Amino acid sequence: MASNKGVVYQGTGKVTVEDIGYPELILRDGPGVPKENVNRKCEHGVILKVIATNICGSDQHMVRGRTTAPQGLVLGHEITGEVIEIGRDVEFIEKGDMVSVPFNIACGRCVMCQQQKTHICLNVNPDRPGSAYGYVDMGGWVGGQSEYVMVPYADFQLLKFPDKDQAMDKILDLTMLTDIFPTGFHGAYSAGVTMGSTVYVAGAGPVGLAAAHSAQLLGASAVIVGDLNEERLQQAKSFGCETVNLKEHDRLGEQIEQILGVPEVDAAIDAVGFEASGHGESGEQPAAVLNAIMDVTQAGGGLGIPGLYVTEDPGAADKDAQTGSLKVRFGQGWAKAHTFVTGQTPAMYYNRGLMKSILSGKAQIAKAVNAQVISLDEAPEGYADFDSGVAKKFVIDPHGSLR
């Protein structure tokens, strides 16, 4: 049996690459696995040889110690791979298929899955609706920043690429289908971005950049990206976005007016989440982005909120924020009749269409997020660089097949 190395959370600020054991078609006991999921049989699953697996900003929340993630958790929910073993109950996926894995784990059988709400599947996480690989409070499913990984419910979940050679030519784009591209697209789509829309995107990290590119694909006439990091803003400018440096300007509406001629936009996207900072020189203010996008979005506009918010944040500055209670000016949103869309992205709702956009050459998501390939052993350095604010999306290459 082959060995298997993976990226393991070792406590606040530290990840290491360890031998994690070769995957089986069963969920064994381990860090974060609810007792109801221990020894859960997965003959409907497959074993993948991981071709590409990405570091996500959501992973960083755990590594910074801002969640209750247990030590020893194997990280990684953005997985692209080749099927090398199939379970007894798998009918339509075959060995050798090259596939994208949605980060949401979904059974395909419950009422939520039947309504295409795969982000809140009722059968994969005993603790709450919804699940993901390698993530705190998400059912204990082993993460995919590794050489090999088990994926359950393969017939339902896996997105098969039509041609393996073509897929390898586009692999840096296609690896974004697991999470970041659908998440950015969901932010734009759920905010109501359409032909001619003006859009404000809060945050120029990888999800914000994906949301900005998605808004362009949806026909936006102007996309404005705000961030405190000038390097990230330059990356947004590289594919045609307008930008606002929020470290230098604390009056967002005035900056938007200088660009558009009016101090508001048709739609806004929160791609930051609960570790938000205030504008100007102020420190962490977890409700700052939500309040800002309500301020600058026109009456009747939409707010897409793919940025992560949690129910437990032990590192928060105040007691309310530690339980996810934020000082949001909800009355402002109510008075302006805003539409709010929150929660995990139902990746399967979007990934097939986005795959076609990539394969046709219309979507250039790897360029937009500045994808950079690293080896599995370089993952700890990648986490540190990402946390420092570099304008890159790190793609881990466990088997040396991408460079």
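Residues numbered from 1 in each chain as written. Predicted model: local features only at pLDDT ≥ 70, side-chain atom pairs only at ≥ 80, totals over all residues. Heavy atoms only, no water.

**Brief notes about the domain arrangement of the protein chain**
Part 1 of the argument: According to the domain assignment, the protein chain consists of domain 1 (4-179 + 358-397) and domain 2 (181-342).
Part 2 of the argument: Computed over C-alpha atoms only, the centres of domain 1 and domain 2 are separated by 26 Å.
Part 3 of the argument: Counting from both sides, the interface comprises 29 residues of domain 1 and, opposite them, 23 residues of domain 2.
Part 4 of the argument: Roughly 2,200 Å² is buried in total at the junction of domain 1 and domain 2, and carbon and sulfur atoms are behind 55% of that figure.
Part 5 of the argument: Between Arg64 and Glu275 there is a salt bridge, and its shortest N-O distance comes to 3.0 Å.
Part 6 of the argument: Inspection of the domain 1/domain 2 interface yields 12 residue pairs in polar contact (both at pLDDT 80 or more). (Domains from an automatic or database assignment. Contact = heavy atoms within 4.5 Å. Buried area = accessible area lost by both parts, 1.4 Å probe. Salt bridge = Lys/Arg side-chain N within 4 Å of Asp/Glu carboxyl O. Polar contact = N/O pair within 3.5 Å; in protein donor to acceptor, adjacent residues only side chain to side chain.)

**A few points about the packing of aromatic side chains**
Part 1 of the argument: Scanning the entire structure with this criterion turns up six aromatic pairs.
Part 2 of the argument: Pairing Phe185 with Tyr189 gives two aromatic rings, centres 6.2 Å apart and planes at 20°, and the pair type is stacked. You can see Phe185 and its partner Tyr189 sitting in helix H6 (residues 180-190), four residues apart, about one turn around the helix.
Part 3 of the argument: Under the relative-accessibility criterion, Phe185 is labelled buried at 13%.
Part 4 of the argument: We classify Tyr189 as partly exposed; its relative accessible area is 43%.
Part 5 of the argument: Here the aromatic rings of Tyr189 and Tyr350 are separated by 5.8 Å at their centres, their planes lie at 75°, and the arrangement is edge-to-face. (Phe/Tyr/Trp six-rings, centres within 6.5 Å; stacked < 30°, edge-to-face > 60°. Helix = DSSP H or I, 4+ residues; strand = E, 2+ residues; numbered from the N terminus. Buried < 20%, exposed > 50% of the residue type's maximum accessible area, 1.4 Å probe, protein only.)

**Focus: the nonpolar core**
Part 1 of the argument: In terms of nonpolar packing, the biggest core is built from 47 residues, with Leu177, Val201 and Val225 touching the most fellow members.
Part 2 of the argument: Not counting residues within four places of it along the chain, the set of residues in contact with Val225 comprises Tyr200, Val201, Gly203, Ala204, Ala212, Leu233, Ala236, Cys241, Glu242, Thr243 and Val244.
Part 3 of the argument: Listed in part, the 32 residues of the second largest apolar core include Leu25, Cys110, Met150 and Val151. (Core = buried A, V, L, I, M, F, W, Y, C linked by side-chain atoms within 4.5 Å.)

**Here's the deal with the UniProt feature "domain: Alcohol dehydrogenase-like N-terminal" (unreviewed entry) in the protein chain**
Part 1 of the argument: Under the UniProt annotation, the feature "domain: Alcohol dehydrogenase-like N-terminal" (unreviewed entry) is placed at residues 44-162.
Part 2 of the argument: In the segment residues 44-162, helix accounts for 13% and strand for 23%; the C-alpha atoms at its two ends are 22 Å apart. (UniProt positions renumbered as here; feature names shortened; annotations may be inferred.)

**A short note on the UniProt feature "domain: Alcohol dehydrogenase-like C-terminal" (unreviewed entry) in the protein chain**
Part 1 of the argument: Here, the residues flagged by UniProt with the feature "domain: Alcohol dehydrogenase-like C-terminal" (unreviewed entry) are residues 206-274.
Part 2 of the argument: With 42% helix and 23% strand, the stretch residues 206-274 has end C-alpha atoms that lie 16 Å from each other.

**Some points on the layout of surface pockets**
Part 1 of the argument: Considered as a void within the structure, the second largest pocket measures approximately 470 Å³ in volume.
Part 2 of the argument: As for the second largest pocket, its lining consists of 26 residues, and the residues nearest its centre are Ile20, Leu27, Arg28, Val74 and Val142.
Part 3 of the argument: Elements that contribute at least two residues to the lining of the second largest pocket include exactly strand S3 (26-27) and strand S8 (148-151).
Part 4 of the argument: The leading source of residues in the lining of the second largest pocket is S8, at three residues.
Part 5 of the argument: Among the residues forming the lining of the second largest pocket, the class breakdown is 16 nonpolar, seven polar and three charged. (1 Å grid on protein atoms, 1.4 Å probe; cavity = no way out; pocket = protein on both sides within 12 Å on 5 of 7 lines; lining within 4 Å. Points joined across faces, edges and corners; volume = space filled by probe spheres on them. Nonpolar A, V, L, I, M, F, W, Y, C, P; charged D, E, K, R; others polar.)

**Here's the deal with empty space enclosed by the protein**
Part 1 of the argument: Across all of its chains, the model carries one cavity of 30 Å³ or more by this definition.
Part 2 of the argument: Empty space within the largest cavity amounts to approximately 50 Å³.
Part 3 of the argument: Along the walls of the largest cavity sit Phe274, Pro286, Tyr309, Val310, Asp313, Ala321, Gly324 and Leu326, which together make up its complete lining.

**Some thoughts on helix H15 (residues 379-387)**
Part 1 of the argument: Those residues of H15 that sit buried are Ala379, Gly382, Tyr383 and Phe386. The arc enclosing the buried residues of H15, seen along the axis, measures out at 100°, which places them on a common side.
Part 2 of the argument: Following H15 by one or two positions, Gly389 adopts a phi angle in the positive range, close to 100°. (Arc of directions from axis to C-beta.)

**Description of the pattern of salt bridges**
Part 1 of the argument: Per the stated rule, a full pass over the model turns up 11 salt bridges.
Part 2 of the argument: Ionic pairing is found between Glu275 and Arg66, a salt bridge with its closest N-O pair at 3.4 Å. In this pair, Glu275 sits in the loop between strand S13 (265-270) and helix H10 (288-296) while Arg66 sits in the loop between helix H1 (57-63) and strand S6 (79-86), placing the two residues 209 residues apart along the sequence. Accessibility classification places Glu275 together with Arg66 in one group, the buried group.

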